[in-house]
Amino acid sequence: MAIVELKDVAKRYDSVPGKKGAEHANAVEDFNLTTKDGEFVVLVGPSGCGKSTTMRMIAGLEHNTAGEIRINGQDVSDVEPRDRDIAMVFQSYALYPHMSVYHNMAFALELKKTPKEEVKKRVQEAAKILDIEHLLDRKPRALSGGQRQRVALGRALVRQPQVFLMDEPLSNLDARLRVEMRAEITRLHRRLGVTTFYVTHDQTEAMTMGQRIVVMRDGRIQQIDTPYNLYERPVNRFVAGFIGTPSMNFLQADHQGETLKGEGFSCSLSAHQRTALGDAGQRPRCWLGIRPEHLHQVGASSGSGRLEGVIEVIEPLGPVTMAQVRIGETLVTAQLGAHPGIQIGDTLTLAFDPDHVHLFDIDSDEALGVAEAPSASSAQATA
Ligand SMILES: Nc1ncnc2c1ncn2[C@@H]1O[C@H](COP(=O)(O)OP(=O)(O)O)[C@@H](O)[C@H]1O
Ligand SMILES: [Mg+2]
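Just so you know, these numbers come straight off a predicted model, no measurement behind them.

Novice: Talk me through the environment of Gln 252; I want residue IDs and the actual numbers.
Specialist: With respect to the helices and strands, Gln 252 occurs in strand 11 (residues 249-256). You can call Gln 252 partly exposed: its relative accessible area is 38%. Taking C-alpha positions, Gln 252 is 9.0 Å from Glu 263, a pair spaced eleven residues apart along the chain. What Gln 252 contacts, discounting residues up to four positions off in sequence, is Phe 265, Arg 285, Cys 286, Trp 287 and Ile 362. A polar contact is formed between the side chain of Gln 252 and the side chain of Arg 285, at a distance of 2.9 Å.

Novice: Before we move on, could you go through unusual backbone geometry and cite the residues and values that matter?
Specialist: With an omega dihedral of -5°, the bond running from Thr 245 to Pro 246 counts as a cis peptide bond. Among the structural elements, Pro 246 can be located in the loop between helix 8 (237-242) and strand 11. At Asn 72, a position not held by glycine, the phi torsion is positive, near 50°. According to the relative accessible area criterion, Asn 72 is partly exposed, its value standing at 46%. Its identity is not glycine, yet Asp 131 carries a phi of approximately 60°, on the positive side. For Asp 131, a relative accessible area of 52% translates into the label exposed.

Novice: An account of the environment of Pro 161 is needed here, citing residue identities and associated values.
Specialist: Here Pro 161 lies in the loop between helix 4 (145-157) and strand 7 (163-167). Measuring from C-alpha to C-alpha, the distance between Pro 161 and Phe 265 comes to 55 Å, with 104 residues separating the pair along the chain. With residues near it in sequence (within four places) discarded, Pro 161 still touches Asp 85, Ile 86, Ala 87, Ala 156 and Val 194.

Novice: Go over the pairing of strand 19 (residues 347-352) with me, naming the residues and quoting the values.
Specialist: With two bridges connecting them, strand 15 (residues 296-297) and strand 19 associate as antiparallel partners. Residue pairing across strands places Gln 297 opposite Leu 350, the latter belonging to strand 19.

Novice: Account for the sheet that holds strand 4 (residues 66-71), with residues named and values stated.
Specialist: Pairing is antiparallel across the open sheet formed by four strands, whose spatial order is 2-1-4-5. Pairing within the sheet leaves two strands with one partner each, and these edge strands are strand 2 (28-34) and strand 5 (74-75). Pairing of strand 1 (residues 4-11) with strand 4 involves five bridges; the strand directions are antiparallel. Following the sheet pairing, Val 4 is matched in strand 4 by Ile 71.

Novice: Describe the site of ligand 1, naming the residues involved and giving the relevant values.
Specialist: Neighbouring residues of ligand 1: Tyr 13, Ala 27, Ser 47, Gly 48, Cys 49, Gly 50, Lys 51, Ser 52 and Thr 53. One nitrogen or oxygen atom from the side chain of Lys 51 is found 2.9 Å from an oxygen atom belonging to ligand 1. At a separation of 2.5 Å, an oxygen atom of ligand 1 approaches a polar side-chain atom of Thr 53. Relative to its unbound accessible area of 560 Å², ligand 1 is 56% covered by the protein chains. A class-by-class count of the residues in the shell around ligand 1 yields three nonpolar, five polar and one charged.

Novice: Just give me the short version of the nonpolar core, but keep the residues and values in it.
Specialist: Counting 45 residues, the largest nonpolar core has Val 42, Met 105, Val 123, Ile 185, Tyr 198 and Val 215 as its most contacted members. With residues up to four places along the chain from it excluded, the contact list for Val 215 reads Val 44, Arg 220, Ile 221, Gln 222, Gln 223, Leu 230, Phe 238, Val 239, Phe 242 and Ile 243. Membership of the second largest hydrophobic core comes to 27 residues, among which are Cys 49, Met 55, Ile 71 and Ile 224.

Novice: Mind laying out the side chain of His 189, listing which residues take part and the relevant values?
Specialist: In this fold, His 189 is placed in helix 5 (residues 175-192). Using a relative accessible area of 11% as the deciding quantity, one classes His 189 as buried. Within polar-contact distance, the side chain of His 189 engages the backbone oxygen of Gly 38 at 2.8 Å. Beyond its immediate stretch of four places on either side in the chain, His 189 contacts Gly 38, Glu 39, Phe 40, Val 194, Thr 196 and Gln 211.

The rules we used
- Residues numbered from 1 in each chain as written.
- Chains lettered and ligands numbered in written order.
- Predicted model: local features only at pLDDT ≥ 70, side-chain atom pairs only at ≥ 80, totals over all residues.
- Heavy atoms only, no water.
- Helix = DSSP H or I, 4+ residues; strand = E, 2+ residues; numbered from the N terminus.
- Buried < 20%, exposed > 50% of the residue type's maximum accessible area, 1.4 Å probe, protein only.
- Contact = heavy atoms within 4.5 Å.
- Polar contact = N/O pair within 3.5 Å; in protein donor to acceptor, adjacent residues only side chain to side chain.
- Pairing = 2+ DSSP bridges.
- Near = heavy atom within 4 Å.
- Areas by Shrake-Rupley, 256 points an atom, 1.4 Å probe, with all protein chains shown as cover.
- Nonpolar A, V, L, I, M, F, W, Y, C, P; charged D, E, K, R; others polar.
- Core = buried A, V, L, I, M, F, W, Y, C linked by side-chain atoms within 4.5 Å.

Below, the structure is given as structure tokens:
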């Protein structure tokens, strides 16, 4: 088991040949994080934000160009990947096609000259955990995608590493299998308690699996927090829009006295929000963020916030219905009940509780008046 520490870590790739003088930013910048022993940390963000680069630096497959990476206190800059006691699982599992499942799993141990009996014991244990004991004699081509992914996990498992790195390991699986496997990986983690970094671009995967989640954008950490804190206390508009599905709605609002107003909506402000905003003269405008699940049909809510627009899209999902309502240039998504009794073209009035809205600076996109989270201290202590 292990504590992994990244301190001011950065990665800058050398310029692409032939593109002399081209502007290029660091792939990763100012990355600071200390895991707890046995923690499951998820890195999430859009494609190209530096997730894989960070993982490859922890694994030792890339050198960090700045900062320090420590595992259990030891600086690993000069430790070869194979000596870091880390096992990686990638999106492309690249099993050896000519080897049986057993030998695919045993291979790394055999390379290290592990005694035969020990190899056998570990492979069988891992196969049992992953429910692939009956597949040990098969070749990879005779396996389904999900089974291959299990073998890839098994290959990492038998090494009994002190850190697991998983880079989008479920991306090649169909949606249903992904949901199954993510629960399985979570169970596996709980059982083994190995410190794990897990990369995904899928916020649902991040929210359901991560004990802590690192939200990244353009090589920079935006926020490190628990799933609930990310959802309830996003630090900026990027995190607010990235976490939660469907995404938070954003409306440009005029600040007038004790209310926020705009085309088709108005919202009274709490004392706390007024303090956060400052006076209207200093901050005449801001972003108002409202999650779809906090917009209700009038009658279902007594909230004093009001929003009105014309229904353009209705998406029945079974337990809930998503309605998209046009307000000027903006399409606002509201999560309504199973049978909202609405029609396209209707004007819909929605109510919301001002306590549930998020406010962001109009220029910097930073959240205004985010209340201190009870459990944020753990994230801050390591930030
Ligand atoms: N070998 C490389 N040489 C130059 N640039 C790279 C290399 N690998 C990645 N990058 C760049 O670094 C950034 C981060 O990439 P990556 O870590 O793969 O992102 P992610 O895994 O989040 O999709 C991207 O802009 C990518 O183009
Ligand atoms: Mg990647």
